[in-house]
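Take a look at the letters that make up each chain.
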Amino acid sequence: MTARPAISSGELKVLGAGVAVSVALTLLTRLLGKRLDPIPKREEDIYPYQARQPHPMGELSAWVLYVLHQLFQWGCIYWAQTRPRKYVDTVHPVNVVALLGNTVFAILHLIQTHLWYDGLARRISVWASQGSVILLLCLALLIENPRRGMIFGKPLPFPRRVIDFVRKYHGYYMSWATTFTFWYHPMEGNQGHLSGLIYMFWLLMQGSLMFTRSHINPWWTTLLELAVLPHGVLVALIRHPRNWTMFAFGFIAMFVLTQMQGLGLKLRTQLAIAATSLAGAILGYRKRGLRAAEEPLRIPIIEYGVAAVLAGAIGGRQWLDDRLAARRNGHQ
């Protein structure tokens, strides 16, 4: 029996087309970025990409378009989940609608940025945007726990019904985290924004590919988890240069400890990756000493901890629902 390839030709076409559109939109944002340079920014703010003299339509347009985009996304997910689907190598009609709709909203956001600049940042802390993406990554850990394990291929004993709940409803949260973060920022043309922007495009594409094999292809989903690394490093180099090693080797540690376990790599390949990563971390921290070398462990500790808290909260709510249902049935 011939083994199924890591990615089929149908999946390759779907993902290739989506990546190509994402790259084109990112390049267009870069080409138009110089037009935004004359806009005075709030440099004193923790998130400086807000107009110092906001246009009356800036915030309003961002919120209206964000809400419309979000409702569109949730509508597509509901449409897909309430009709019988089987996983296919190509796309369903709902995927075509979702992909085209997200492309339209991306273009609208680019136009909105150049007309009025501001995103959602004026009313909401930047930590909400960053935290929503961290939570998204932690949900991915729970979803993948039965298949690839949590640490070195060993799954944590979360109840199956907890994982089933996350798998059934994760799209609604991940859609919110992605769409909210996308509209939080103006579509600036600098390196930090562009690296985050193409990541958002890929996540929006992932959310549009429900019930396709591309959506669950382990190489693609692992790339989505790992793509936060270059964005985190670039932003750190721009804003907090001392912290780049924490983001670089922290997300590399996540790949070594967890993500590469789901790719079917041979043991010698995994050991080579782990050894190379360790050597890179030693070189990266050679000037700062061993005391700073604990930094890369912060990201795995946070992600594993949040994933466990999420599983506990969901399991606790399910347990409470069971008790209340049993009590109601007992009184009937």
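Because the structure is predicted, anything quoted here is derived from the model rather than measured.

**Q** Whenever I open this one, the overall build of the protein chain confuses me. Can you help?
**A** Looking only at helices and strands, the protein chain features 12 helices and 0 strands. Put simply, the protein chain runs from its N terminus to its C terminus through helices and strands in the order α-α-α-α-α-α-α-α-α-α-α-α. Relative to the globule expectation of 20 Å for 332 residues, the C-alpha radius of gyration of the protein chain, 21 Å, shows essentially globular dimensions. Along the longest, intermediate and shortest principal axes, the C-alpha atoms of the protein chain span 60 × 60 × 50 Å. Long-range contacts, defined as pairs at least 24 residues apart, comprise 78% of the intrachain contacts of the protein chain with a sequence gap of at least 6. One way to put it: in the protein chain the 34 positive side-chain charges average out to a point 6 Å from where the 17 negative ones average out.

**Q** Would you mind showing me how to read helix 10 (residues 244-257) here?
**A** Side chains of residues three or four places apart in an α-helix project in the same direction, reflecting 3.6 residues per turn. The end-to-end C-alpha distance of helix 10 is 20 Å, a good match for the 20 Å that 14 residues give at a rise of 1.5 Å each. In terms of burial, helix 10 is a largely internal element, 11 of the 14 residues being buried. What helix 10 keeps buried is the set Thr 245, Met 246, Ala 248, Phe 249, Gly 250, Phe 251, Ala 253, Met 254, Phe 255, Val 256 and Leu 257. Packed against the buried residues of helix 10 are helix 4 (126-148), helix 8 (218-226), helix 9 (228-239), helix 11 (267-284) and helix 12 (298-330).

**Q** I would appreciate a short explanation of the pattern of salt bridges in the present structure.
**A** If charged atoms from side chains of opposite charge come close, those side chains can pair. A complete count under the given rule lists 10 salt bridges for this structure. Residue Arg 213 is joined to Asp 89 by a salt bridge in which the shortest nitrogen-to-oxygen separation is 3.2 Å. Here Arg 213 is found in helix 7 (residues 213-216), whereas its partner Asp 89 is found in the loop between helix 2 (56-81) and helix 3 (93-116), with 124 residues between them in sequence. With a shortest N-O distance of 2.9 Å, Arg 298 and Glu 294 are connected by a salt bridge. Classification of Arg 298 as partly exposed rests on a relative accessible area of 38%. You can call Glu 294 partly exposed: its relative accessible area is 35%.

**Q** I would appreciate a short explanation of a nonpolar patch on the surface in the present structure.
**A** Taken together, the side chains of Val 104, Ile 107, Leu 108, Ile 111 and Leu 115 define a hydrophobic patch exposed on the protein surface, amounting to about 410 Å² of accessible area. Under the relative-accessibility criterion, Leu 115 is labelled exposed at 53%.

**Q** What should I look at first to understand the packing of aromatic side chains in this one?
**A** Aromatic ring pairs are defined here through the distance separating the ring centres and the angle between the ring planes. Summed over all chains, the structure comprises 16 aromatic pairs. Each member of the aromatic cluster is reached from another via a ring pair, and the members are Tyr 47, Tyr 49, Trp 63, Tyr 66, Tyr 173, Trp 176, Phe 180 and Tyr 184.

Scoring rules and cut-offs
- Residues numbered from 1 in each chain as written.
- Predicted model: local features only at pLDDT ≥ 70, side-chain atom pairs only at ≥ 80, totals over all residues.
- Heavy atoms only, no water.
- Helix = DSSP H or I, 4+ residues; strand = E, 2+ residues; numbered from the N terminus.
- Rg over C-alpha atoms; globule rule 2.2 N^0.38 Å.
- Contact = heavy atoms within 4.5 Å.
- Lys, Arg positive; Asp, Glu negative; His and termini not counted.
- Charge placed at Lys NZ, Arg CZ, Asp CG, Glu CD.
- Expected span 1.5 Å × (residues − 1).
- Buried < 20%, exposed > 50% of the residue type's maximum accessible area, 1.4 Å probe, protein only.
- Salt bridge = Lys/Arg side-chain N within 4 Å of Asp/Glu carboxyl O.
- Patch = residues over 30% accessible without salt bridge, like charges linked within 9 Å, V, L, I, M, F, W, Y side chains within 5 Å.
- Areas by Shrake-Rupley, 256 points an atom, 1.4 Å probe, with all protein chains shown as cover.
- Phe/Tyr/Trp six-rings, centres within 6.5 Å; stacked < 30°, edge-to-face > 60°.

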